[in-house]
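# Fold and contact review
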Amino acid sequence: MENVLPPAEELRLIDRELVQLDARRSQLLTRRAWLLTALRADGHAGPPTQGPGRPPGTAAETSPPSAQNVLLTLGGILLTVAAVAFTLVSWGHMGIGGRALVLGAVTVTALGTPLLLLRRKLVSTAESVAALGLVLTVLDAYALRRAVLPATDALVYTAVAAAVLAAVWAAYGRSVGGLRLPLPAAVVAGQLPLPLWALAAGGGTEVVAWATLATAGLDVVVALTARRAGVRALAVAGAVAAGGWSLLTGAWLSVSAESPAASVEPALLLLVAGALAVGAAWRAPAAAAATSTAGALAAVAAAGGVLRTAVPADWAVPAYLLCAVALLPAVRVRMPRGVLTGLGVASGLVHGAAALWAAPVVLLALAGPAATLDDVWGGAPVRDVVLPGAATAPLVLAAVAVTLWAAPRFLPAAQPSRPGAECGALVLAWSAVVAAPVALSFPLGPTLAVQLAVTAAALVTAARPSLVSALPPTAADAEAEPGTQQPHPAGPSAGTVRDGREAAESSGGPAGAAAGAARPGGSSGEEHASAPPQSAARALDPVRNLAGTALACGLASAAGAALLGLASRSATFTSLGVLVVLNAAAAAAARGLVRIVVACAAVVGTTGLVAAAGAAAALPGPRIGLALLAVPAAAALLGARLGRHPVAAAVEATAAATVPIAVALAVPHPPTLALVLALAGVVAAGTAVRAERRPLAGYVAAVLFVTATWVRLAASGVDVPEAYTLPVSVPALAVGVLRRRRDPSASSWVAYGPGLAATLAPSLLAAWGDTDWPRPLLLGIAALGVTLAGARLRLRAPLLLGGLTLALDALHELAPYVVQVVDALPRWLPPALAGLLLLAVGATYEQRLRDARRLRETLGRMR
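Definitions and limits used
Residues numbered from 1 in each chain as written. Predicted model: local features only at pLDDT ≥ 70, side-chain atom pairs only at ≥ 80, totals over all residues. Heavy atoms only, no water. Helix = DSSP H or I, 4+ residues; strand = E, 2+ residues; numbered from the N terminus. Buried < 20%, exposed > 50% of the residue type's maximum accessible area, 1.4 Å probe, protein only. Contact = heavy atoms within 4.5 Å. Areas by Shrake-Rupley, 256 points an atom, 1.4 Å probe, with all protein chains shown as cover. Axes fitted to C-alpha atoms, helices over the stretch in contact; angles between N-to-C directions. Parallel < 35°, antiparallel > 145°, perpendicular 65-115°, else oblique. Left-handed = near helix turned anticlockwise from the far one by under 90°. Nonpolar A, V, L, I, M, F, W, Y, C, P; charged D, E, K, R; others polar. Core = buried A, V, L, I, M, F, W, Y, C linked by side-chain atoms within 4.5 Å. Expected span 1.5 Å × (residues − 1). Salt bridge = Lys/Arg side-chain N within 4 Å of Asp/Glu carboxyl O. pLDDT = per-residue confidence, 0-100. Patch = residues over 30% accessible without salt bridge, like charges linked within 9 Å, V, L, I, M, F, W, Y side chains within 5 Å. Polar contact = N/O pair within 3.5 Å; in protein donor to acceptor, adjacent residues only side chain to side chain.

Before going further, it helps to spend a moment on the overall build of the protein chain. Looking only at helices and strands, the protein chain has 35 helices and 0 strands in total. Residues counted as buried form 36% of the 863 residues belonging to the protein chain. Long-range pairs, those at least 24 residues apart, make up 65% of the contacts in the protein chain with a sequence separation of at least 6. Only carbon and sulfur atoms are counted for the fraction: they give 70% of the accessible area of the protein chain, which is about 46,900 Å².

What follows is the structure, given as structure tokens:
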């Protein structure tokens, strides 16, 4: 039972609670105001709180500090606009004394007021008033120029004014430590004096560049000594902008110099800029890598610019590359890590740029032989493209290759990846050899010899990477075996890596690599140390990378040599013959994927040799197609000998690609085309004898035989459709019978459907278009026999296909008589017969449904 108070009593209780809440709220507000005052007196910013009286869960659109900043900013902008308007518009209405008095009083007031505001902890207000004071100093300088010094040169006055303002603002910011704006403003103003003085003095681009570089030096000093982050950020930005402009100007002047004397001053400018950048990198580790990279590039540009003017034009890039190579020994000097990284990166960038400069020569050497396709056996292609500096491109590539190979071994501070460096050095060395004939303008014979020689070297490297892995160890290799002294480069670590590579090649897997890694090189009569499997796996990956890179290079140069050999008949047989021998030898010596690829390349080269032999014998295209079938036949015999070896499948698949080429060559002569298809079917059938090739090769052989039969019939002028369909239907039905014997549960649609449809459908279409009677009669007899066989053997596919064919054939034969009967009947008789039929069906509807279900069940029980 609940006791409900009377309304008057409940109202008195609510009023009493509200009075207590109001009293508590007044106490909390008083306490809050005292706490805020105490925090401001201590110089701490109060935590963001909601305004008093604001409901929980709601927030102000702007917090009090941000609203205060907006108001102060707007006020300062309005005062600044007013001051500018006064100076520009109302200035002429006052005398010189009034002008000086007004501007001086306003400026002093604006600069002195922040001191009083900072004492009262009004920092934001002080910043706004200080900003107004800085603007007024700029207006004072402008007014002084207009009223007192109108004849002074504008650039000179602007430079002096900027220097004075920078000094005044810096002193003002240092004296008033609570303001954040004056010191950054001084840094910004300090960017102008020296460049403007240089322009005012009438100096050229070099003088302005020196002035800008001096400004960048001052910015670096400020950035290294300033304590405030905002000042440091502006100083760094100024140093980057001014120093970058000086570097670009010096580089442009160095490249534009035409004599050694003219290149000296840009070189000095670049060297000073580089020294400034390296010095800044030494003192600022956070940006040491990027800054020292810029400085090292400036040094390379300086020295290379001087050398460039002293050598022929083709040797300009080698001159810069020489300077980059000379920079590498500095990496071995004890310096901060970031500086060493920057020096290495700068040298690497120059080397990469030099390699890219020489890349077009390599592309021309590889793609140039493609011009022989326009005129096969018509002579060596004429090079119409002359690339600048092509004569020195091989030297540049070789130098970059040597540097890349030596970097991880002799420059431990650089720490490049040794596998990547080896692969890159291999590609560059290969490129240098490939580009040499183009650079030296070799004739056809020597050029082809160079291409074949570099192909042989690349294939040997791909087949046996251990032949090029006997190299001095890197610093990482020396640290791989702790406690082991390295008296000379070819120490135990080098032997470990080398033996691991040889074992990986001989075994083709990590186990072999582990076995090889357990034999330290250079130890005789000592106990073999066993290496962990992880080190063997690490030794295996570089071997695979090196082999893959060498294989790619070998295939590229082989393609170029094959195309170049098309220039003459003898060159074709020479190049293709040598390439076939090289690839076959590499396939015999290599392991794994390399063996598969070079074996396929040997098949391709053999195909080219057969085609070239046919062309040399003046055989027509169809006869050459017949000759090409010798390649898949030989590949099938080789595959039968190899069995389930991985190379067998790849070789046979590559040789099978010759069949479409042979078919395309034989298309103009249909009898020869039929022979080509039949012989290809024989090869496929022979391949299908092997269990591992039977599923695919059997279907291919059947398709080829059927296609050969059709082509032969078409070439003989046979147009009877059954001549084309029966060669398909009979084997298909035979296969269906064998399938049903092996699997009695197989569906008749799968076993007999394709074979029956292949003959019945085309014959039915031919019968409907035949006006004579023998074809429909024979088709009807055949369809009747198929239908009876299906009913007797309870097979669904023969029953339905034969019955449907028989019905359509009968309809075709009876159609003329039905049309005549319908024409002879009265017009009202067909609707009447249709009505009677509907009445009969409706009267026996249930019986018809039972008949339909019985028919469906009967057909469902059939196979």
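Back to the write-up after that little detour.
Attention shifts here to the packing of helix H8 (residues 205-225) against helix H9 (residues 229-256). At their nearest, the axes of H8 and H9 sit 8 Å apart, and the two run at 150 degrees to each other. In terms of orientation, H8 and H9 fall into the roughly antiparallel class. The handedness of the crossing between H8 and H9 comes out as left-handed. On the side of H8, the interface is formed by Thr205, Glu206, Val208, Ala209, Thr212, Leu213, Ala216, Asp219, Val220, Val222 and Ala223, while H9 contributes Val231, Arg232, Ala235, Val236, Gly238, Ala239, Ala242, Gly243, Trp245, Ser246, Thr249 and Leu253. A class-by-class count of the residues in the contact of H8 with H9 yields 14 nonpolar, 6 polar and 3 charged.

We note that serine 441 has phi near 55 degrees; this positive angle belongs to a residue other than glycine. Take serine 441: it is sitting in the loop between helix H15 (418-440) and helix H16 (444-463). A positive phi is found at alanine 618, a non-glycine position, where the angle reads about 60 degrees. Mapped onto the elements, alanine 618 comes out in the loop between helix H22 (592-616) and helix H23 (621-628). Overall, alanine 618 belongs to the exposed group, its relative accessible area being 66%.

Membership of the largest hydrophobic core comes to 22 residues, with the highest contact counts inside it found for Val361, Leu397, Val400 and Leu428. At the level of secondary structure, the elements contributing two or more residues to this core comprise helix H13 (337-367), helix H14 (393-410), H15 and H16. Those residues in contact with leucine 428, other than ones at most four positions away along the chain, are Ala355, Leu397, Val400, Ala401 and Leu404. Core analysis: the next-biggest nonpolar cluster, separate from the first, contains 18 residues, Ala587, Val598, Val647 and Ala655 among them.

Moving on to H22. Along an α-helix, a turn takes 3.6 residues, which lines up residues three or four apart on a common side. Look at H22: 37 Å from first C-alpha to last across 25 residues, which is about the 36 Å you get at 1.5 Å a residue. Along H22, the residues classified as buried are Val594, Arg595, Val598, Ala599, Cys600, Ala602, Val603, Gly605, Thr607, Ala612 and Gly614. Alanine 618 lies just past H22 and shows a positive phi near 60 degrees.

Tallied over the entire structure, the rule returns 2 salt bridges. Between arginine 12 and glutamate 9 there is a salt bridge, with the nearest N and O atoms lying 2.3 Å from each other. Here glutamate 9 and arginine 12 lie together in helix H1 (residues 7-41), a separation of 3 residues that amounts to about one turn. What makes glutamate 9 partly exposed here is its relative accessible area of 29%. Here glutamate 127 ties to arginine 180 by a salt bridge, and the two come within 3.8 Å at their closest N and O atoms. Of this pair, glutamate 127 sits in helix H4 (residues 123-147) while arginine 180 sits in the loop between helix H5 (154-175) and helix H6 (182-189), and the two are 53 residues apart along the sequence. Relative accessible area serves as the criterion here: at 61%, arginine 180 is assigned to the exposed category.

Averaged over every residue, the pLDDT of the protein chain is 78; the share at 70 or more is 79%. Per-element confidence in the protein chain ranges from a low mean pLDDT of 35 for helix H19 (residues 510-517) to a high of 93 for helix H26 (residues 658-666). Every residue in residues 48-65 scores below 50 in pLDDT, and together they form 13 contacts with partners more than four places removed in sequence or on other chains.

This part takes up the environment of glycine 348. Summarising the element assignment, glycine 348 is placed in helix H13. Relative accessible area serves as the criterion here: at 41%, glycine 348 is assigned to the partly exposed category. Taking the C-alpha atoms as reference, glycine 348 lies 9.4 Å from threonine 403; in sequence the two are 55 residues apart.

On the surface, a nonpolar cluster with roughly 370 Å² of combined accessible area is contributed by Val156, Val160, Val164, Val168 and Trp197. For the nonpolar patch, the leading source of residues is H5, giving 4 residues. Locating valine 168 in the fold gives a position in helix H5.

To continue, consider the packing of helix H29 (residues 721-742) against helix H31 (residues 753-768). A pair of packed helices can be characterised by two numbers: the angle between their axes and the separation between those axes. Between H29 and H31, whose axes approach to 7 Å, the crossing angle comes to 160 degrees. As summarised for this structure, H29 and H31 are arranged roughly antiparallel, according to the angle between their axes. The element H29 and its partner H31 pack so that their crossing is left-handed. Counted together, Pro721, Glu722, Thr725, Leu726, Val728, Ser729, Ala732 and Leu733 of H29 and Gly755, Leu756, Ala758, Thr759, Pro762, Ser763 and Ala766 of H31 form the full contact between these two elements. Residue composition of the contact of H29 with H31, by class: 9 nonpolar, 5 polar and 1 charged.

To continue, consider helix H24 (residues 630-642). A rise of 1.5 Å per residue sets the reference length of H24, with its 13 residues, at 18 Å; its end C-alpha atoms lie 18 Å apart and thus fit the reference within 8%. Where H24 is buried, its residues meet H22, H23, helix H25 (646-656), H26 and helix H27 (670-688). A positive backbone phi angle near 70 degrees is found at glycine 643, which sits one or two residues after H24.

Take the environment of valine 711 next. Here valine 711 shows up in helix H28 (residues 694-715). Sequence-wise, valine 711 and proline 670 are 41 residues apart; in three dimensions their C-alpha atoms are separated by 6.5 Å. With near-sequence residues (within four places) excluded, valine 711 lies in contact with Pro670, Leu673, Ala674 and Leu677.

With that settled, consider the side chain of threonine 455. Tracing the sequence through the fold places threonine 455 in helix H16. Within polar-contact distance, the side chain of threonine 455 engages the backbone oxygen of glutamine 451 at 2.7 Å. Every residue in contact with threonine 455, bar those within four places of it in the chain, is listed here: Gly554, Ser557, Ala558 and Leu579.

Attention shifts here to the environment of serine 128. Along the chain, serine 128 falls in helix H4. By relative accessible area, which is 17% here, serine 128 ends up buried. Measuring from C-alpha to C-alpha, the distance between serine 128 and leucine 179 comes to 9.9 Å, with 51 residues separating the pair along the chain.

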